[in-house]
Amino acid sequence: MDALLEAAGKPVSGDLYLEVQQFYAWQMRLLDDGLTAQWAETFTVDGVFDANGHPHPVQGRDKIAAGALAARKALDEADIRHRHWLGMVTVIEQDNGDVLARSYATVVEIPHGGKAALKFHTVCEDLLVRVDGVLKIKDRQVIRDDLR
Amino acid sequence: MDALLEAAGKPVSGDLYLEVQQFYAWQMRLLDDGLTAQWAETFTVDGVFDANGHPHPVQGRDKIAAGALAARKALDEADIRHRHWLGMVTVIEQDNGDVLARSYATVVEIPHGGKAALKFHTVCEDLLVRVDGVLKIKDRQVIRDDLR
Amino acid sequence: MDALLEAAGKPVSGDLYLEVQQFYAWQMRLLDDGLTAQWAETFTVDGVFDANGHPHPVQGRDKIAAGALAARKALDEADIRHRHWLGMVTVIEQDNGDVLARSYATVVEIPHGGKAALKFHTVCEDLLVRVDGVLKIKDRQVIRDDLR
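Just so it is clear, the structure is predicted and the values come from calculations on it, not from any experiment.

### Considering the packing of helix H2 (residues 14–32) of chain A against helix H2 (residues 14–32) of chain C
Two numbers describe how H2 of chain A lies on H2 of chain C: the axes approach to 10 Å, and their chain directions differ by 65 degrees. Crossing handedness for the pair H2 of chain A and H2 of chain C: left-handed. On H2 of chain C, the residues touching Gly14, Tyr17, Leu18 and Gln21 of chain A of H2 of chain A are Leu18, Gln21, Gln22 and Ala25 of chain C. By residue class, the composition of the contact of H2 of chain A with H2 of chain C is four nonpolar, four polar and no charged.

See the structure below:
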(Lines give C-alpha, C1' and ligand atoms only; values in the text may rest on other atoms or scores of the structure.)
Protein backbone atom coordinates (compact mmCIF):
# COMPACT_ATOMS: atom_id res chain seq x y z
CA MET A 1 0.00 0.00 0.00
CA ASP A 2 1.53 3.35 -0.89
CA ALA A 3 2.05 6.11 1.65
CA LEU A 4 -0.83 8.24 0.41
CA LEU A 5 -3.32 5.41 0.62
CA GLU A 6 -2.06 4.48 4.07
CA ALA A 7 -2.49 8.07 5.25
CA ALA A 8 -6.09 7.96 4.04
CA GLY A 9 -6.74 5.20 6.57
CA LYS A 10 -5.92 7.41 9.56
CA PRO A 11 -8.83 9.48 10.87
CA VAL A 12 -8.28 13.24 10.80
CA SER A 13 -9.59 15.62 13.44
CA GLY A 14 -13.34 15.81 13.75
CA ASP A 15 -13.24 19.54 13.10
CA LEU A 16 -11.53 19.12 9.75
CA TYR A 17 -13.66 16.16 8.70
CA LEU A 18 -16.85 18.06 9.41
CA GLU A 19 -15.58 21.20 7.73
CA VAL A 20 -15.03 19.13 4.59
CA GLN A 21 -18.49 17.56 4.86
CA GLN A 22 -20.17 20.91 5.26
CA PHE A 23 -18.10 22.36 2.45
CA TYR A 24 -19.37 19.68 0.08
CA ALA A 25 -23.00 19.98 1.16
CA TRP A 26 -22.84 23.70 0.56
CA GLN A 27 -20.89 23.45 -2.67
CA MET A 28 -23.28 20.98 -4.24
CA ARG A 29 -26.31 22.95 -3.12
CA LEU A 30 -24.96 25.96 -5.02
CA LEU A 31 -24.39 23.95 -8.17
CA ASP A 32 -27.67 22.07 -8.08
CA ASP A 33 -29.68 25.20 -7.33
CA GLY A 34 -28.19 26.90 -10.37
CA LEU A 35 -26.00 29.37 -8.49
CA THR A 36 -23.13 28.59 -10.79
CA ALA A 37 -21.16 31.81 -10.20
CA GLN A 38 -21.25 31.25 -6.42
CA TRP A 39 -20.36 27.61 -6.98
CA ALA A 40 -17.30 28.64 -8.98
CA GLU A 41 -16.24 30.83 -6.02
CA THR A 42 -15.55 27.58 -4.13
CA PHE A 43 -12.57 27.07 -6.45
CA THR A 44 -9.37 29.08 -6.23
CA VAL A 45 -8.92 31.74 -8.90
CA ASP A 46 -6.46 29.42 -10.66
CA GLY A 47 -8.42 26.26 -9.82
CA VAL A 48 -8.52 23.24 -12.11
CA PHE A 49 -11.51 21.06 -12.89
CA ASP A 50 -10.66 17.89 -14.74
CA ALA A 51 -12.81 14.86 -15.52
CA ASN A 52 -12.30 11.76 -17.60
CA GLY A 53 -15.73 12.46 -19.08
CA HIS A 54 -14.61 15.87 -20.36
CA PRO A 55 -12.42 16.53 -23.41
CA HIS A 56 -9.76 18.48 -21.45
CA PRO A 57 -9.10 20.08 -18.05
CA VAL A 58 -10.61 23.50 -17.37
CA GLN A 59 -8.33 25.94 -15.58
CA GLY A 60 -9.39 29.17 -13.93
CA ARG A 61 -12.46 30.10 -11.94
CA ASP A 62 -13.94 32.12 -14.80
CA LYS A 63 -13.78 29.20 -17.19
CA ILE A 64 -15.11 26.82 -14.56
CA ALA A 65 -18.04 29.19 -13.99
CA ALA A 66 -18.71 29.45 -17.71
CA GLY A 67 -18.72 25.68 -18.09
CA ALA A 68 -21.11 25.25 -15.18
CA LEU A 69 -23.44 27.90 -16.56
CA ALA A 70 -23.52 26.25 -19.99
CA ALA A 71 -24.26 22.86 -18.40
CA ARG A 72 -26.99 24.46 -16.33
CA LYS A 73 -28.66 26.05 -19.35
CA ALA A 74 -28.69 22.70 -21.13
CA LEU A 75 -30.36 21.09 -18.11
CA ASP A 76 -32.92 23.87 -17.87
CA GLU A 77 -33.78 23.53 -21.54
CA ALA A 78 -34.24 19.78 -21.13
CA ASP A 79 -36.25 20.41 -17.93
CA ILE A 80 -34.00 18.10 -15.95
CA ARG A 81 -32.68 18.51 -12.44
CA HIS A 82 -29.38 17.13 -11.20
CA ARG A 83 -28.62 16.45 -7.55
CA HIS A 84 -25.07 15.64 -6.53
CA TRP A 85 -24.35 13.41 -3.56
CA LEU A 86 -20.81 13.16 -2.22
CA GLY A 87 -20.03 10.62 0.43
CA MET A 88 -17.62 8.02 1.77
CA VAL A 89 -15.07 10.79 2.18
CA THR A 90 -11.48 10.09 3.18
CA VAL A 91 -9.39 13.09 4.16
CA ILE A 92 -5.64 13.58 4.43
CA GLU A 93 -4.19 16.73 5.97
CA GLN A 94 -0.77 17.57 4.64
CA ASP A 95 2.01 19.22 6.61
CA ASN A 96 1.45 22.57 4.89
CA GLY A 97 -2.26 22.54 5.78
CA ASP A 98 -3.49 21.52 2.34
CA VAL A 99 -6.17 18.87 2.36
CA LEU A 100 -6.63 15.89 0.07
CA ALA A 101 -10.21 14.66 0.03
CA ARG A 102 -11.42 11.65 -1.91
CA SER A 103 -15.07 10.82 -2.12
CA TYR A 104 -17.65 8.98 -4.10
CA ALA A 105 -19.90 11.32 -6.02
CA THR A 106 -23.04 10.36 -7.80
CA VAL A 107 -25.42 12.42 -9.87
CA VAL A 108 -29.13 11.76 -9.51
CA GLU A 109 -31.03 12.89 -12.59
CA ILE A 110 -34.68 13.85 -12.22
CA PRO A 111 -36.63 14.77 -15.35
CA HIS A 112 -39.69 16.95 -14.82
CA GLY A 113 -42.57 14.53 -14.33
CA GLY A 114 -40.20 11.57 -14.62
CA LYS A 115 -38.39 9.10 -12.44
CA ALA A 116 -35.20 9.79 -10.49
CA ALA A 117 -32.25 7.64 -11.53
CA LEU A 118 -28.50 7.58 -11.15
CA LYS A 119 -26.85 9.37 -14.03
CA PHE A 120 -23.21 8.64 -13.23
CA HIS A 121 -21.10 7.27 -10.46
CA THR A 122 -17.69 8.85 -10.00
CA VAL A 123 -14.72 9.11 -7.70
CA CYS A 124 -13.90 12.72 -6.85
CA GLU A 125 -10.38 13.69 -5.76
CA ASP A 126 -9.94 17.22 -4.50
CA LEU A 127 -6.95 19.24 -3.42
CA LEU A 128 -8.36 21.79 -0.99
CA VAL A 129 -6.37 24.82 0.14
CA ARG A 130 -7.18 27.63 2.52
CA VAL A 131 -7.79 31.13 1.19
CA ASP A 132 -8.32 33.59 4.04
CA GLY A 133 -9.03 30.57 6.21
CA VAL A 134 -11.76 29.15 4.00
CA LEU A 135 -11.41 25.89 2.06
CA LYS A 136 -11.28 26.27 -1.72
CA ILE A 137 -10.71 23.67 -4.41
CA LYS A 138 -7.39 24.09 -6.15
CA ASP A 139 -7.66 20.89 -8.14
CA ARG A 140 -10.60 18.56 -8.76
CA GLN A 141 -10.37 15.29 -10.62
CA VAL A 142 -13.65 13.53 -11.34
CA ILE A 143 -13.31 9.96 -12.55
CA ARG A 144 -16.43 8.34 -13.97
CA ASP A 145 -16.61 4.67 -13.09
CA ASP A 146 -18.15 3.66 -16.40
CA LEU A 147 -15.16 4.93 -18.38
CA ARG A 148 -11.79 3.19 -18.38
CA MET B 1 -27.42 35.63 -2.47
CA ASP B 2 -29.94 36.12 0.32
CA ALA B 3 -28.95 36.14 3.98
CA LEU B 4 -30.38 32.70 4.71
CA LEU B 5 -28.51 31.08 1.86
CA GLU B 6 -25.32 32.84 2.88
CA ALA B 7 -25.71 31.60 6.46
CA ALA B 8 -26.03 28.06 5.13
CA GLY B 9 -22.50 28.38 3.76
CA LYS B 10 -20.93 28.87 7.20
CA PRO B 11 -20.06 25.66 9.06
CA VAL B 12 -21.84 25.19 12.40
CA SER B 13 -20.25 23.56 15.43
CA GLY B 14 -19.31 19.94 15.01
CA ASP B 15 -21.48 19.01 17.97
CA LEU B 16 -24.60 20.44 16.39
CA TYR B 17 -23.86 19.08 12.95
CA LEU B 18 -23.38 15.58 14.32
CA GLU B 19 -26.45 15.83 16.50
CA VAL B 20 -28.46 16.59 13.38
CA GLN B 21 -26.87 13.71 11.47
CA GLN B 22 -27.60 11.26 14.26
CA PHE B 23 -31.12 12.60 14.61
CA TYR B 24 -31.82 11.86 10.95
CA ALA B 25 -30.27 8.40 11.02
CA TRP B 26 -32.40 7.53 14.02
CA GLN B 27 -35.53 9.16 12.68
CA MET B 28 -35.41 7.35 9.36
CA ARG B 29 -34.64 4.05 11.01
CA LEU B 30 -37.86 4.37 13.01
CA LEU B 31 -39.91 5.15 9.93
CA ASP B 32 -38.38 2.51 7.71
CA ASP B 33 -38.64 -0.17 10.39
CA GLY B 34 -42.34 0.54 10.77
CA LEU B 35 -42.16 2.18 14.19
CA THR B 36 -44.44 4.92 12.99
CA ALA B 37 -45.67 6.04 16.44
CA GLN B 38 -42.10 6.45 17.66
CA TRP B 39 -41.22 8.19 14.43
CA ALA B 40 -44.03 10.68 14.98
CA GLU B 41 -42.54 11.41 18.43
CA THR B 42 -39.65 13.09 16.61
CA PHE B 43 -42.08 15.87 15.67
CA THR B 44 -43.36 18.45 18.13
CA VAL B 45 -46.95 17.95 19.29
CA ASP B 46 -48.01 20.74 16.95
CA GLY B 47 -45.55 19.76 14.22
CA VAL B 48 -46.26 20.25 10.52
CA PHE B 49 -45.43 17.87 7.69
CA ASP B 50 -45.89 19.33 4.26
CA ALA B 51 -44.89 17.99 0.87
CA ASN B 52 -45.48 19.09 -2.67
CA GLY B 53 -46.43 15.47 -3.41
CA HIS B 54 -49.22 15.54 -0.81
CA PRO B 55 -52.61 17.20 -1.24
CA HIS B 56 -52.27 19.44 1.87
CA PRO B 57 -50.07 19.97 4.96
CA VAL B 58 -50.60 17.69 7.93
CA GLN B 59 -50.52 19.39 11.32
CA GLY B 60 -50.22 17.69 14.68
CA ARG B 61 -48.23 14.67 15.80
CA ASP B 62 -51.32 12.47 15.95
CA LYS B 63 -52.23 13.15 12.36
CA ILE B 64 -48.63 12.75 11.27
CA ALA B 65 -48.55 9.37 13.02
CA ALA B 66 -51.81 8.31 11.41
CA GLY B 67 -50.55 9.25 7.95
CA ALA B 68 -47.32 7.33 8.46
CA LEU B 69 -49.19 4.27 9.68
CA ALA B 70 -51.51 4.31 6.66
CA ALA B 71 -48.52 4.62 4.33
CA ARG B 72 -46.83 1.77 6.13
CA LYS B 73 -49.83 -0.52 5.80
CA ALA B 74 -49.98 0.15 2.08
CA LEU B 75 -46.29 -0.76 1.75
CA ASP B 76 -46.74 -3.92 3.78
CA GLU B 77 -49.67 -5.01 1.63
CA ALA B 78 -47.61 -4.42 -1.51
CA ASP B 79 -44.65 -6.23 0.13
CA ILE B 80 -42.39 -3.28 -0.55
CA ARG B 81 -39.72 -1.78 1.66
CA HIS B 82 -38.71 1.86 1.67
CA ARG B 83 -35.35 3.11 2.90
CA HIS B 84 -34.81 6.82 3.35
CA TRP B 85 -31.39 8.38 2.91
CA LEU B 86 -30.81 11.96 3.98
CA GLY B 87 -27.55 13.61 3.13
CA MET B 88 -25.75 16.73 1.95
CA VAL B 89 -27.06 18.50 5.02
CA THR B 90 -26.59 22.23 5.56
CA VAL B 91 -27.41 23.55 9.02
CA ILE B 92 -28.13 27.05 10.28
CA GLU B 93 -28.39 27.76 14.00
CA GLN B 94 -30.62 30.71 14.77
CA ASP B 95 -30.13 33.15 17.64
CA ASN B 96 -32.94 31.56 19.65
CA GLY B 97 -31.40 28.09 19.33
CA ASP B 98 -33.77 26.85 16.63
CA VAL B 99 -32.10 24.98 13.82
CA LEU B 100 -32.77 25.10 10.10
CA ALA B 101 -31.58 21.97 8.33
CA ARG B 102 -31.76 21.41 4.60
CA SER B 103 -30.88 18.10 3.09
CA TYR B 104 -31.32 15.91 0.08
CA ALA B 105 -33.57 12.97 0.81
CA THR B 106 -34.11 10.03 -1.44
CA VAL B 107 -36.33 7.01 -1.05
CA VAL B 108 -35.00 3.65 -2.18
CA GLU B 109 -37.82 1.24 -2.97
CA ILE B 110 -37.17 -2.47 -2.66
CA PRO B 111 -39.92 -4.88 -3.65
CA HIS B 112 -39.75 -8.34 -2.10
CA GLY B 113 -37.73 -10.42 -4.54
CA GLY B 114 -37.22 -7.41 -6.79
CA LYS B 115 -34.61 -4.82 -7.58
CA ALA B 116 -33.82 -1.76 -5.49
CA ALA B 117 -34.42 1.54 -7.26
CA LEU B 118 -34.79 5.19 -6.43
CA LYS B 119 -38.44 6.05 -5.88
CA PHE B 120 -38.15 9.81 -5.45
CA HIS B 121 -35.53 12.45 -4.98
CA THR B 122 -36.47 15.35 -2.75
CA VAL B 123 -35.15 18.36 -0.89
CA CYS B 124 -36.10 18.29 2.79
CA GLU B 125 -36.25 21.53 4.79
CA ASP B 126 -36.71 21.15 8.53
CA LEU B 127 -37.20 23.60 11.34
CA LEU B 128 -35.86 21.81 14.41
CA VAL B 129 -36.53 23.03 17.92
CA ARG B 130 -35.46 21.73 21.31
CA VAL B 131 -37.99 20.12 23.62
CA ASP B 132 -36.39 19.22 26.95
CA GLY B 133 -33.06 19.54 25.20
CA VAL B 134 -33.88 17.08 22.43
CA LEU B 135 -34.28 18.09 18.77
CA LYS B 136 -37.80 17.76 17.39
CA ILE B 137 -39.20 18.73 14.01
CA LYS B 138 -41.58 21.65 14.21
CA ASP B 139 -41.93 22.05 10.47
CA ARG B 140 -40.90 19.78 7.61
CA GLN B 141 -41.20 20.68 3.95
CA VAL B 142 -40.45 17.91 1.48
CA ILE B 143 -40.08 19.05 -2.12
CA ARG B 144 -40.02 16.33 -4.76
CA ASP B 145 -37.65 17.20 -7.58
CA ASP B 146 -39.84 15.67 -10.26
CA LEU B 147 -42.73 18.03 -9.50
CA ARG B 148 -42.63 21.71 -10.40
CA MET C 1 -39.21 -0.26 22.08
CA ASP C 2 -36.46 -2.54 23.32
CA ALA C 3 -33.43 -1.26 25.22
CA LEU C 4 -31.04 -1.67 22.29
CA LEU C 5 -33.24 0.28 19.95
CA GLU C 6 -33.71 2.99 22.56
CA ALA C 7 -29.97 3.26 23.04
CA ALA C 8 -29.59 3.77 19.29
CA GLY C 9 -31.62 6.96 19.62
CA LYS C 10 -29.11 8.65 21.90
CA PRO C 11 -26.28 10.49 20.15
CA VAL C 12 -22.79 9.22 20.93
CA SER C 13 -19.74 11.45 21.21
CA GLY C 14 -18.75 13.25 18.06
CA ASP C 15 -15.30 11.69 18.20
CA LEU C 16 -16.69 8.17 18.13
CA TYR C 17 -19.30 8.91 15.50
CA LEU C 18 -16.70 10.39 13.18
CA GLU C 19 -14.26 7.59 13.82
CA VAL C 20 -16.95 5.16 12.66
CA GLN C 21 -17.73 7.26 9.59
CA GLN C 22 -14.10 7.46 8.60
CA PHE C 23 -13.64 3.76 9.27
CA TYR C 24 -16.42 2.94 6.82
CA ALA C 25 -15.20 5.34 4.15
CA TRP C 26 -11.77 3.78 4.34
CA GLN C 27 -13.01 0.22 4.56
CA MET C 28 -15.19 0.51 1.49
CA ARG C 29 -12.50 2.25 -0.47
CA LEU C 30 -10.22 -0.74 0.12
CA LEU C 31 -12.86 -3.21 -1.03
CA ASP C 32 -14.00 -1.24 -4.04
CA ASP C 33 -10.45 -0.55 -5.19
CA GLY C 34 -9.69 -4.25 -5.10
CA LEU C 35 -7.38 -4.19 -2.08
CA THR C 36 -9.14 -7.21 -0.67
CA ALA C 37 -6.34 -8.36 1.63
CA GLN C 38 -6.13 -4.91 3.25
CA TRP C 39 -9.91 -4.82 3.43
CA ALA C 40 -9.92 -8.12 5.31
CA GLU C 41 -7.48 -6.55 7.81
CA THR C 42 -10.38 -4.37 8.99
CA PHE C 43 -11.90 -7.52 10.51
CA THR C 44 -10.55 -9.20 13.63
CA VAL C 45 -8.60 -12.41 13.05
CA ASP C 46 -11.65 -14.37 14.19
CA GLY C 47 -14.14 -12.00 12.57
CA VAL C 48 -17.47 -13.16 11.15
CA PHE C 49 -19.11 -12.00 7.94
CA ASP C 50 -22.68 -13.13 7.54
CA ALA C 51 -25.31 -12.14 5.00
CA ASN C 52 -28.79 -13.33 4.22
CA GLY C 53 -27.71 -13.36 0.57
CA HIS C 54 -24.90 -15.83 1.29
CA PRO C 55 -25.28 -19.57 1.89
CA HIS C 56 -23.56 -19.50 5.32
CA PRO C 57 -21.51 -17.25 7.62
CA VAL C 58 -17.80 -16.91 6.91
CA GLN C 59 -15.55 -16.95 9.96
CA GLY C 60 -11.92 -15.90 10.08
CA ARG C 61 -10.04 -13.12 8.37
CA ASP C 62 -8.35 -15.49 5.93
CA LYS C 63 -11.63 -16.88 4.70
CA ILE C 64 -13.16 -13.41 4.51
CA ALA C 65 -10.19 -12.31 2.41
CA ALA C 66 -10.52 -15.32 0.13
CA GLY C 67 -14.22 -14.66 -0.40
CA ALA C 68 -13.60 -11.02 -1.21
CA LEU C 69 -10.85 -11.91 -3.66
CA ALA C 70 -13.07 -14.41 -5.46
CA ALA C 71 -15.86 -11.84 -5.70
CA ARG C 72 -13.40 -9.32 -7.03
CA LYS C 73 -12.12 -11.63 -9.73
CA ALA C 74 -15.67 -12.29 -10.90
CA LEU C 75 -16.32 -8.56 -11.13
CA ASP C 76 -13.09 -7.97 -13.02
CA GLU C 77 -13.94 -10.70 -15.50
CA ALA C 78 -17.38 -9.18 -16.06
CA ASP C 79 -15.74 -5.71 -16.31
CA ILE C 80 -18.06 -4.36 -13.64
CA ARG C 81 -17.26 -1.97 -10.81
CA HIS C 82 -19.00 -1.95 -7.45
CA ARG C 83 -19.11 1.06 -5.16
CA HIS C 84 -20.41 0.67 -1.62
CA TRP C 85 -22.14 3.51 0.16
CA LEU C 86 -22.84 3.24 3.88
CA GLY C 87 -24.94 5.87 5.54
CA MET C 88 -27.66 6.68 8.05
CA VAL C 89 -25.42 5.25 10.75
CA THR C 90 -26.62 4.79 14.32
CA VAL C 91 -23.97 3.96 16.89
CA ILE C 92 -24.18 2.49 20.39
CA GLU C 93 -21.15 2.40 22.65
CA GLN C 94 -21.28 -0.43 25.16
CA ASP C 95 -19.87 -0.33 28.67
CA ASN C 96 -16.87 -2.45 27.69
CA GLY C 97 -15.99 -0.08 24.81
CA ASP C 98 -17.37 -2.30 22.06
CA VAL C 99 -19.38 -0.46 19.44
CA LEU C 100 -22.59 -1.48 17.72
CA ALA C 101 -23.07 0.32 14.42
CA ARG C 102 -26.09 -0.06 12.18
CA SER C 103 -26.20 1.50 8.78
CA TYR C 104 -27.83 1.37 5.42
CA ALA C 105 -25.49 0.04 2.77
CA THR C 106 -26.13 0.06 -0.91
CA VAL C 107 -24.07 -1.25 -3.77
CA VAL C 108 -23.89 0.80 -6.95
CA GLU C 109 -23.02 -1.36 -9.94
CA ILE C 110 -21.30 0.25 -12.91
CA PRO C 111 -20.60 -1.87 -15.98
CA HIS C 112 -17.81 -0.68 -18.23
CA GLY C 113 -19.48 1.59 -20.77
CA GLY C 114 -22.84 1.10 -19.09
CA LYS C 115 -25.18 2.87 -16.72
CA ALA C 116 -24.77 3.03 -12.96
CA ALA C 117 -27.62 1.43 -11.02
CA LEU C 118 -28.35 0.20 -7.54
CA LYS C 119 -27.49 -3.49 -7.23
CA PHE C 120 -28.78 -4.14 -3.71
CA HIS C 121 -29.99 -2.26 -0.71
CA THR C 122 -29.07 -3.70 2.65
CA VAL C 123 -28.97 -3.05 6.37
CA CYS C 124 -25.50 -3.59 7.83
CA GLU C 125 -25.07 -4.39 11.52
CA ASP C 126 -21.52 -4.39 12.82
CA LEU C 127 -19.97 -5.23 16.14
CA LEU C 128 -16.78 -3.20 16.26
CA VAL C 129 -14.05 -3.83 18.81
CA ARG C 130 -10.73 -2.15 19.44
CA VAL C 131 -7.50 -3.97 18.62
CA ASP C 132 -4.49 -1.89 19.68
CA GLY C 133 -6.84 1.07 19.78
CA VAL C 134 -8.08 0.67 16.22
CA LEU C 135 -11.65 -0.31 15.33
CA LYS C 136 -12.04 -3.74 13.74
CA ILE C 137 -15.16 -5.65 12.77
CA LYS C 138 -15.74 -8.67 14.95
CA ASP C 139 -19.14 -9.45 13.50
CA ARG C 140 -20.90 -8.14 10.41
CA GLN C 141 -24.46 -9.01 9.46
CA VAL C 142 -25.62 -7.79 6.06
CA ILE C 143 -29.35 -8.06 5.47
CA ARG C 144 -30.55 -7.56 1.91
CA ASP C 145 -33.87 -5.78 1.81
CA ASP C 146 -35.17 -7.73 -1.16
CA LEU C 147 -34.92 -11.03 0.69
CA ARG C 148 -37.27 -11.99 3.49
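Picking up where we left off.
### Considerations on the interface of chain B and chain A
Across the contact, 31 residues belong to chain B and 30 residues belong to chain A. When chain B packs against chain A, the two sides together hide about 2,500 Å² of surface, and 62% of this comes from carbon and sulfur. Taken together, the links from chain B to chain A amount to four salt bridges. A salt bridge links arginine 81 of chain A to aspartate 145 of chain B, with the nearest nitrogen and oxygen atoms 3.5 Å apart. At the junction of chain B and chain A, the tally comes to eleven residue pairs in polar contact (both at pLDDT 80 or more). Looking at the side of chain B that touches chain A, the elements that each hand over two or more residues are helix H1 (3–8), helix H2 (14–32), strand S3 (80–93), strand S4 (99–111) and strand S5 (117–131) of chain B. Looking at the side of chain B that touches chain A, the element that brings in the most residues is S3 of chain B, giving six residues. Within the side of chain B that touches chain A, the residues separate by chemical class into 17 nonpolar, seven polar and seven charged.

### Considerations on helix H4 (residues 61–78) of chain B
Residues and elements named next belong to chain B. Between the first and last C-alpha of H4 there are 26 Å, a value that for 18 residues agrees with the 26 Å anticipated at 1.5 Å per step. Among all positions in H4, only Arg61, Ile64, Ala65, Ala68, Arg72 and Leu75 are buried. One face of H4 carries all of its buried residues, which in axial projection span an arc of 95 degrees. Opposite its buried face, H4 presents the exposed residues Asp62, Lys63 and Glu77, each directed more than 90 degrees away. Of the residues flanking the end of H4, it is aspartate 79, one or two places downstream, whose phi is positive at about 60 degrees.

### Examining the relation of the copies chain B and chain A
In the superposition of chain B on chain A (RMSD 0.0 Å, axial shift 0.0 Å), the rotation amounts to 120 degrees. Taken together, the rotation and translation relating the two chain copies correspond to the operation of a three-fold axis. The residues that chain B uses at the interface reappear at the interface of chain A in only 16% of cases, marking distinct surfaces.

### Some thoughts on the interface of chain A and chain C
Contact with chain A, which involves 31 residues of that partner, is made by 30 residues of chain C. Summed over both sides, the interface between chain A and chain C buries roughly 2,500 Å², with carbon and sulfur atoms accounting for 62% of that surface. Applying the counting criterion to the chain A and chain C interface returns ten residue pairs in polar contact (both at pLDDT 80 or more). For the side of chain A that touches chain C, the elements supplying multiple residues, two or more each, are helix H1 (3–8), H2, strand S3 (80–93), strand S4 (99–111) and strand S5 (117–131) of chain A.

Thresholds applied
Residues numbered from 1 in each chain as written. Chains lettered and ligands numbered in written order. Predicted model: local features only at pLDDT ≥ 70, side-chain atom pairs only at ≥ 80, totals over all residues. Heavy atoms only, no water. Axes fitted to C-alpha atoms, helices over the stretch in contact; angles between N-to-C directions. Helix = DSSP H or I, 4+ residues; strand = E, 2+ residues; numbered from the N terminus. Left-handed = near helix turned anticlockwise from the far one by under 90°. Contact = heavy atoms within 4.5 Å. Nonpolar A, V, L, I, M, F, W, Y, C, P; charged D, E, K, R; others polar. Buried area = accessible area lost by both parts, 1.4 Å probe. Salt bridge = Lys/Arg side-chain N within 4 Å of Asp/Glu carboxyl O. Polar contact = N/O pair within 3.5 Å; in protein donor to acceptor, adjacent residues only side chain to side chain. Expected span 1.5 Å × (residues − 1). Buried < 20%, exposed > 50% of the residue type's maximum accessible area, 1.4 Å probe, protein only. Arc of directions from axis to C-beta. Least-squares fit on C-alpha atoms with pLDDT ≥ 70 in both.

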